[in-house]
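Coordinate inspection notes
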Amino acid sequence: MRKIAVFTGTRAEYGLLYWLLKDLQQDPKVELQLLVSAMHLSPEFGMTYQQIEADGFTITEKVEMLLSSDSAVGTAKSIGLGVLGFADALERMKPDVLVVLGDRFEALAVTQAAMILRIPIAHIHGGEITEGAYDDAIRHAITKLSLLHFTSTETHRNRIIQLGEHPSRVFNVGAVGLDHLQRSKMLSLAELSTLLNFKLEQPYFLVTYHPVTLASEPAKASFENLLKALDAFPQHQIILTYPNADDGGREIIPLLEAYAKQQPSRVLAIPSLGQQRYLSGVKHAAAVVGNSSSGIIEVPSFKVPTVNLGERQRGRLAAKSVFSCPSNTAAIIETLQLALKSDLSQVVNPYGKGKASEAILEQLKTADLSVVKTFYDLQEST
C-alpha cells in the first residue's frame, strides 16, 4: 500500500484536486495523506480547511506559514516558514510520494522540503506559461524538483521534456479540474441563490482579480479600473470573490467589500465560493471577468465568455471564448461588450474533457519512484 500525500494551500487548488482526492481516498491500495497549509488556515481567507473536513477528508498535517503581510518580503518570509514546517510534517508523515498542483509560493516551499528529504514529487499542471506573475518561474522550478509530471495539454508535456525531464515520466492527462464536468452536480440558479443567501438573477458577472506579481500592473489601481468598468453595466449583478494571498492582494479586499456594501442588492463579495458553487456560478454567468487561471482553463467548457485582464495570464494557451485586454477601464468595457455579443457555441476547450484523476491515480500507484533521474537532452536536428 502506497502512502500518497497531497498538498493543498489554497481554495482554488483544493477545488481542482477534489476528485483526485476522492479517488485516492476510496482506493484500497492507497493510504491518502492530506497536508494542508497557507490560505486554508487563515481567517482572512475564510478558514477553508473547514470545507475540506466537511467534504469528508481527514487532514493529516496542518502547517501554519502565511504571514499577515501584503509585501514581497512577507511572501518570501512565508516561504521560509513553510519550509521549516513542511520539513517536520513530512518527516512525521513519511509518504512514498507527494502530489503538488500548480505554481504558487506555498507549493514551492513544500517541494523544496520534500526534495531534500528524498520524497518523490508528482507535479500537476507543469509546463504552462504565465508571464505576468512570478508563479511562472515557480512552476518551472517545481518541475525540476519533481519526478512525475501530469500536464494539461500536449504542448505543456513537450515543454517539460524541453526542460530536461524524461518523456517516460511526463503524462498528458488534461486539466484535472475538468473532472467536475463529468462527476459533479451543478446547482440550479435558484439553488445557488439560496446557498449564497443572495437573490441572484441573470444576467450577472463572476469576478475574480488577483495581484500581478511580476508585470507593472499595480493591484489597487487595476482593480479600481475594473470596478469602474463594472459600473458601466448596471443591469448586471456581480459576484466578487476575494483575491489570493500574493503580495498586494490584501489591499484589494477593502475595495471589493466597500463596493459590495454600496450596492447590496447588486453585488455580493465572498471570500470563497468552493468548487461546486464556483462552477455553478460560472454555468449561469453572462461572463467571467478578472485574471484567474480558471477563466482560461475551466470556464471555456461552459461556453461562457472570459474577459481576461492584464498581464497575469499572458502566454497561457486559451480557447476562443477568452477575450484578453489591458487593465484600463475603457478596454475592459469594450472587451466585455464584445464578449457578451459573441457566439461561443462552437468553442472547444484545449484543456480536455475531464477524466484526468483516473489517469493520475494509475500512475501514482504503479510508477517507479526512484528519486534518481538523469537530464533528458533533446536530440539535435540534422
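Everything below is about the structure shown above.
Read on for an overview of the structure. Computed from a predicted model, the values in this text were never measured in an experiment.

Some points on the layout of surface pockets
Considering only enclosed or pocket space, the largest pocket measures out at about 1100 Å³ in volume. Residue lining of the largest pocket: 50 residues in total, with Arg11, Ala12, Glu13, Gly15 and Gln275 positioned closest to the centre. Elements with a minimum of two residues in the lining of the largest pocket: helix 1 (11-26), helix 2 (49-54), helix 11 (274-284) and helix 12 (294-297). A per-element tally of the lining of the largest pocket places helix 1 first, with eight residues. Among the residues forming the lining of the largest pocket, the class breakdown is 14 nonpolar, 24 polar and 12 charged. By volume, the second largest pocket is sized at about 170 Å³.

A look at helix 4 (residues 105-116)
Here helix 4 spans 17 Å end to end across 12 residues, near enough to the 16 Å set by a 1.5 Å rise per residue. Counting buried residues in helix 4 gives nine out of 12 residues, a clear majority hidden from the surface. Buried within helix 4 we find Phe105, Glu106, Ala107, Leu108, Ala109, Val110, Thr111, Ala113 and Ala114. Those residues of helix 4 hidden inside the fold are in contact with strand 1 (2-8), strand 2 (30-37), helix 3 (72-93), strand 4 (97-101), strand 5 (121-124) and helix 5 (135-145). Backbone geometry just after helix 4 places Arg118 at a positive phi near 60°.

Some details on the sheet that holds strand 7 (residues 170-172)
Read across the open sheet, the seven strands follow the order 3-2-1-4-5-6-7; overall the sheet is parallel. Each end of this open sheet is capped by a strand with a single partner; those strands are strand 3 (61-63) and strand 7. Averaged over neighbouring strand pairs, the angle between their axes works out to 20° when direction is ignored. Alignment of strand 1 against strand 4, held across three bridges, turns out to be parallel. Looking at strand 4, one finds that Ala5 is bridged to Leu98. Lying on the sheet, helix 6 (residues 154-162) is in contact with strand 6 (148-151) and strand 7; it crosses strand 7 at an angle near 170°.

What to know about helix 3
Its 22 residues give helix 3 an end-to-end C-alpha distance of 31 Å, which sits within 8% of 32 Å, the value for a rise of 1.5 Å per residue. Summarising the contacts, the buried residues of helix 3 are in contact with strand 1, strand 2, strand 3 and helix 4. Where helix 3 ends, the next residue or the one after it, Lys94, has phi of about 50°, a positive value.

Quick word on the side chain of Asn349
By the secondary structure assignment, Asn349 is in the loop between helix 13 (329-340) and helix 14 (356-366). Within polar-contact distance, the side chain of Asn349 engages the backbone nitrogen of Tyr351 at 3.0 Å. Those residues within four positions of Asn349 in sequence are excluded, and the remaining contacts are Leu178, Ile297, Glu298, Pro300 and Ser301.

Regarding the packing of helix 4 against helix 5
Following both chains from N to C, one finds helix 4 and helix 5 inclined at 20°, their axes separated by 10 Å at the closest point. When the axis of helix 4 is compared with that of helix 5, the two are roughly parallel. Handedness of the helix 4/helix 5 crossing: left-handed. Contacts between helix 4 and helix 5 involve Phe105, Ala107, Leu108, Thr111, Gln112 and Met115 on the former and, on the latter, Ile138, Ala141, Ile142 and Leu145. Residues belonging to the contact of helix 4 with helix 5 are distributed by class as follows: eight nonpolar, two polar and no charged.

Rules of the game
Residues numbered from 1 in each chain as written. Predicted model: local features only at pLDDT ≥ 70, side-chain atom pairs only at ≥ 80, totals over all residues. Heavy atoms only, no water. 1 Å grid on protein atoms, 1.4 Å probe; cavity = no way out; pocket = protein on both sides within 12 Å on 5 of 7 lines; lining within 4 Å. Points joined across faces, edges and corners; volume = space filled by probe spheres on them. Helix = DSSP H or I, 4+ residues; strand = E, 2+ residues; numbered from the N terminus. Nonpolar A, V, L, I, M, F, W, Y, C, P; charged D, E, K, R; others polar. Expected span 1.5 Å × (residues − 1). Buried < 20%, exposed > 50% of the residue type's maximum accessible area, 1.4 Å probe, protein only. Contact = heavy atoms within 4.5 Å. Pairing = 2+ DSSP bridges. Axes fitted to C-alpha atoms, helices over the stretch in contact; angles between N-to-C directions. Polar contact = N/O pair within 3.5 Å; in protein donor to acceptor, adjacent residues only side chain to side chain. Parallel < 35°, antiparallel > 145°, perpendicular 65-115°, else oblique. Left-handed = near helix turned anticlockwise from the far one by under 90°.

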